[in-house]
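Read off the chains here:
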Amino acid sequence: MNQTTDKALNVRGATKTYGTQTGGVHALKDVDLTVRQGEFISIVGPSGCGKTTLLWSIAGLHKLTSGAIALGDEFITGPHPSIGMMFQEANLLPWRSIRKNIELPFEIRHRRPDAARIDSLLNRVGLGGFGDRMPRELSGGMQQRASIVRALASDPTVLLMDEPFGALDAFTRDEMNKLVEEIWLESRKTVILITHSIAEAVFLADKVYIMSARPGQISRVIDVPFPRPRSLDLMETREFFDLVNLIKHDIQHQPKVPNAARGAA
Amino acid sequence: MSQSNNNAGLASPTGLASGLGGQGMREVVAIIAVAFIVIGGGEFLLRAFDVPQFILPTPSAIGAVFASSEMATIGQHYGYTLVELFAGYAIGASVGLVLAAVITQFPFVEKVITPYILLLVTTPMLALVPLLILNFGFGYAPRIIAVALASGPMVMINAATGFRRVDTMKIALARSCGASTLQIFTKIRVPMAMPMVIVGLMIGAIFGMITAVGAEMSGGGFGLGSRLTTYSSTLRMPEFFACILILAVTGITIYAFFFWLGKKLAGWES
C-alpha cells in the first residue's frame, strides 16, 4: 500500500487527567500514536485503560489536558467532518427512520444528503429497501449495519469504532467483522477500532495496540501478519490462535492495579 | 351475540384506540352492541322500578334534551366553557412547556423552582377560585387564570421529566457530527422528551377542563358549570345529565386527540 502520510492521524503526548476527591486520575498519559492513511488499527486493553477516552478525544468529544491530535496538518480540537464515529450498540435515534438516521450528520452540518451514496451503501450492507423502516423493526445486526452506513455516508477520511459489536451475538459479530473488512478493503478508510474482543481486534487490524491502565498508556504494538482479504476460517488457524493468546497473556500480566483505584474511562 | 368476537379486540391495547384507527368491523359492532345493552338496560331498569326523573333520569329523557329548545342555552354556555378552557390552557401549557425546557437545562435553577411547581400541582386550584373572583370579578378572568394555574404546572412537571431524560450516547453522536447546543436540543432532547410532553399536555388539558367547570360552579352565572348548579337546584335532572354527558364527551375527545398526537409524534416509544 502507498505510504500516503498526507492524511495520517497523529497523536502526540496525549494526556488526560480527571480530577477526583482523592486527586487526579491519569486516564491517558503521554500517548503517542500514528495511524497512516488507510491503515486499520485496533486498540485493546483492560477496562479503565483509557482506550475510550483516547478514541473520544480523537473524535473531538473530549478535550485533552495536554498533548495534541492532528489529521494531516490540521489539529483536532473538536468534532471534525473528516472523522466519522460508530458507537457502542447502534445508537440509532428511535424516532427516525433508518434513512433519516443516516441523514442526521448531513442535517446537522446543513448539507444536502448524498442520496445516491446512501442508497449504494445501504445496498452494500444488505439494507437495500429498509430505508423507511424504523430502527425497532430491525435486528441488532441490521441496526449496526445502518450505523456503519451513517458513519460512512459523508465519506470521512477516518472512521472511529467504539466497541461497535459488543452487544451482538457471536455469529452476527463474525458476520459484521467480515463486512467491515470488505468495506474497508473497498474504501481504505483510516480505521481505529476499540474492542474487548481480542479475536476481533486481530482479525480486522493491521496493528493491534495494547494499552495498560493507571496511567493509560500504550504498552505494546503488535503487527498482524495475516494477508488480506481474510476469511473467517482464519480464526480457526493455529497462527491466529497463538497471536490472540499472546495478546491476552500480555494484558493479563500487566502490573496489577487495585480495582478501586481504576479511573473511569 | 357479541360472543363470536374472536379476541381481535382483546389483542389491541385499548378498545378506544383501535376503534379510532378504524380496525375491523367486528370491533365497531361489539362497541355499538355493548353501548346498546348498557343504555337500553338502563332505560328498562329505570322504567321497571319506576325511578323518579329527579333522582335518575332515563337515557331517553336525557337524549330528549338534545332535541329540545333548552339545547340552544346549553350550547351557548358550553361555548363559554370552551373559551375559558382554550384560553387558560393556551397560557398555562405554553408557559409550562417553556419553563420545563429552560429549567431542566439549569439543574440549580430547577432545584430552586421545583418546590413551588409541586406546590402548584398539589394545591387544588378550585380552592383559589373564590379568591380569584374577589380580585378579578365575575367575568372570564378568574376562570382563565384558574385553568392556566391548574394546567400549567401539570404540563410543566411532566415535560420536565421528559427533558431530564439525557442519553449521553445520543448526545455524543450529535456532537460528533458537530451539532450546536441548539441542534442537540431540537434534534435530540425535544424528540426524547416528546412522549412525556404529550402526557403532560393531556393531563393538563383534562385538569384544565375540570377546573373550568368547577370555577363556573363557584359563581359567575355563565358556563356549563353554572348550568349544572342551576339544573341541580331546580331538579331538572335530564338537563343536568345532558351537561354531564357533554363534559364527558369533551374529556374523551381531549384524551383521543392526545392519544392520536402521541402516536404521531412519539409513536417510536413502546
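Values in this document were obtained by computation on a predicted structure and should not be read as measured data. (Residues numbered from 1 in each chain as written. Chains lettered and ligands numbered in written order. Predicted model: local features only at pLDDT ≥ 70, side-chain atom pairs only at ≥ 80, totals over all residues. Heavy atoms only, no water.)

### Focus on the overall build of chain B
So the rule is basically this: Helix and strand definitions follow DSSP, with helices as H or I runs of at least four residues and strands as E runs of at least two, each counted in order from the N terminus. A simple rule labels every residue: compare its accessible area, found with a 1.4 Å probe on the protein chains alone, to the largest value its type can have, and call it buried under 20%, exposed over 50%, or partly exposed in between. The contact definition used throughout considers only heavy atoms, calling two residues in contact when any of these lie within 4.5 Å. Note that accessible areas follow from Shrake-Rupley with a 1.4 Å probe, and for residues the cover is restricted to the protein chains shown.
Helix and strand counts for chain B stand at 12 helices and 0 strands. Helices (α) and strands (β) of chain B occur, in sequence order from the N terminus, as α-α-α-α-α-α-α-α-α-α-α-α. Principal axes of the C-alpha set define a box for chain B whose edges measure 75 × 60 × 25 Å. Per-residue burial for chain B yields a buried fraction of 41% across its 270 residues. By sequence separation, contacts in chain B at least 24 residues apart represent 73% of the contacts at least 6 residues apart. Element-wise, carbon and sulfur atoms account for 74% of the exposed surface of chain B, whose accessible area totals about 14100 Å².

### What to know about the confidence of the model for chain A
Residue and element names in this part refer to chain A. Threshold: On a range of 0 to 100, pLDDT expresses the predictor's confidence in each residue.
Model confidence for chain A is summarised by a mean pLDDT of 89, while 94% of its residues fall at 70 or above. Confidence drops under pLDDT 50 across residues 1-5; counting only partners more than four residues distant or on other chains, this segment forms 6 contacts. This stretch, residues 260-265, has a pLDDT under 50; its non-local contacts, to residues over four places away or in other chains, come to 13 contacts.

### Some points on the packing of aromatic side chains
The geometry of an aromatic ring pair comes down to the distance between the two centres and the angle between the two planes. For clarity, the threshold we go by: Side-chain rings of Phe, Tyr and Trp (the six-membered ring for Trp) are treated as a pair once their centres are within 6.5 Å; stacked means planes under 30 degrees apart, edge-to-face means over 60, and tilted covers the remaining angles. Either the NZ atom of lysine or the CZ atom of arginine qualifies as a charge over a ring when it sits within 6 Å of the ring centre and within 35 degrees of the ring normal.
For the coordinates displayed, the defined rule picks out 11 aromatic pairs over all chains. A ring pair is formed by F257 of chain B and F258 of chain B, whose centres lie 5.0 Å apart and whose planes are at 75°; its orientation type is edge-to-face. Exposure remark for F258 of chain B: the relative accessible area of 7% places this residue in the buried category. Through a chain of ring-to-ring contacts, three or more aromatic side chains come together here, namely Y80, Y140 and F222 of chain B. The ring centre of W184 of chain A lies 4.4 Å from the NZ or CZ of R188 of chain A, which sits over that ring. In this structure, R143 of chain B is placed above the aromatic ring of F222 of chain B, and the distance from its NZ or CZ to the ring centre is 4.0 Å.

### Some points on the sheet that holds strand β2 (residues 23-35) of chain A
All names here are of chain A. Defined as follows: Note: two strands are recorded as paired if DSSP finds a minimum of 2 bridges between them.
Spatially, β2-β1-β4-β5 is the arrangement adopted by the 4 strands of the open sheet, whose pairing is antiparallel. Whereas interior strands pair on both sides, the edge strands pair on one side only; in this sheet they are β2 and β5 (74-75). Judged from the 5 bridges that link them, strand β1 (residues 9-20) and strand β4 (residues 66-71) form a sheet pairing that is antiparallel. Across the sheet, the residue bridging to N10 is A70, located in β4.

### Let's talk about unusual backbone geometry
In terms of backbone geometry, most residues other than glycine have negative phi values and most peptide bonds are trans. The amide bond that connects R228 of chain A to the next residue, P229 of chain A, takes the cis arrangement and shows omega of -10°. Mapped onto the elements of the fold, P229 of chain A is located in the loop between β10 (217-223) and α7 (238-252). Even without glycine at this site, H110 of chain A takes up a positive phi of about 55°. Here H110 of chain A lies in the loop between α2 (98-108) and α3 (115-124). Despite not being glycine, L235 of chain B shows a phi value in the positive range, around 60°.

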